[in-house]
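# Inside the fold
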Amino acid sequence: MEKQNLISVQLICNQYNVPISFINTLQEFQLVELIDEENNFYIHTNHIKKVEKMIRLHYDLDINIEGVDVIYNLLKKVESLKQEINVLNNRLRRYEDL
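Everything quoted here is computed from the prediction, not taken from an experiment.

A word on helix H4 (residues 65-96). With 32 residues, H4 should cover 46 Å at 1.5 Å per step; its first-to-last C-alpha distance of 46 Å lies within 8% of that length. Contact partners of the buried residues in H4: helix H2 (20-28) and helix H3 (48-60).

Across the sheet, three strands lie side by side as E1-E3-E2; this open sheet has antiparallel pairing. Each edge of the open sheet is held by one strand with a lone partner, namely strand E1 (6-8) and strand E2 (35-37). For this sheet, the mean angle separating the axes of adjacent strands, direction not counted, is 45°. Across three bridges, E2 lies against strand E3 (residues 40-44) in antiparallel orientation. Across the sheet, Ile35 pairs through a bridge with Tyr42, a residue of E3. Packed on one face of the sheet, helix H1 (residues 9-16) meets E1 and E3 and runs near 60° to E1.

Of the positions making up H2, those classed as buried are Phe22, Ile23 and Leu26. Taken down its axis, H2 places every buried residue within 95° of arc, on the same side. The inward-facing, buried residues of H2 abut H1, E3, H3 and H4. At the exit of H2 stands Gln30, carrying a positive phi of roughly 60°.

Strand direction decides the pairing type here: E1 and E3, joined by three bridges, are antiparallel. Across the sheet, the residue bridging to Ile7 is Ile43, located in E3. Count of turn residues in the E2/E3 antiparallel hairpin: two residues, of which Glu38 carries a positive phi of about 55°.

Attention now moves to the environment of Leu57. Inspection of the secondary structure puts Leu57 in helix H3. Residue Leu57 is classed as buried on the basis of its relative accessible area, which comes to 12%. Between the C-alpha atom of Leu57 and that of Lys77, which follows or precedes it by 20 residues, the distance is 17 Å.

This brings us to the packing of H3 against H4. Helix packing geometry: the angle between the two helix axes and the distance between the axes. Contact geometry for H3 and H4: axes closest at 10 Å, N-to-C directions at 135°. On the basis of their axis angle, the class for H3 and H4 is oblique. Crossing of H3 over H4 shows right-handed handedness. Mapping the contact onto sequence places Lys50, Lys53, Met54, Leu57 and His58 in H3 and Ile65, Val68, Ile71, Tyr72 and Leu75 in H4.

Cut-off values and rules
- Residues numbered from 1 in each chain as written.
- Predicted model: local features only at pLDDT ≥ 70, side-chain atom pairs only at ≥ 80, totals over all residues.
- Heavy atoms only, no water.
- Helix = DSSP H or I, 4+ residues; strand = E, 2+ residues; numbered from the N terminus.
- Expected span 1.5 Å × (residues − 1).
- Contact = heavy atoms within 4.5 Å.
- Pairing = 2+ DSSP bridges.
- Axes fitted to C-alpha atoms, helices over the stretch in contact; angles between N-to-C directions.
- Buried < 20%, exposed > 50% of the residue type's maximum accessible area, 1.4 Å probe, protein only.
- Arc of directions from axis to C-beta.
- Parallel < 35°, antiparallel > 145°, perpendicular 65-115°, else oblique.
- Left-handed = near helix turned anticlockwise from the far one by under 90°.

This is the structure in structure tokens:
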């Protein structure tokens, strides 16, 4: 994997003032994938917004990790349902135009 698409866990923790153990816990709950290169851990840059959201849920709203897990999975489900609704609406419009 290209290193330019990765960001160091240490850098994220310093930037957001969170302990590395928080990121490790997210990995244990399979909420984030850590990439190990040369004994340093990285997160793909595409996942930074997801990590930021989980940091806000946990630290700003004081939601425990189990709650963050539930909320994140529900948000993914809502997004999936929104996409499905869009597909179905597009199909319906096709039939209404006939």
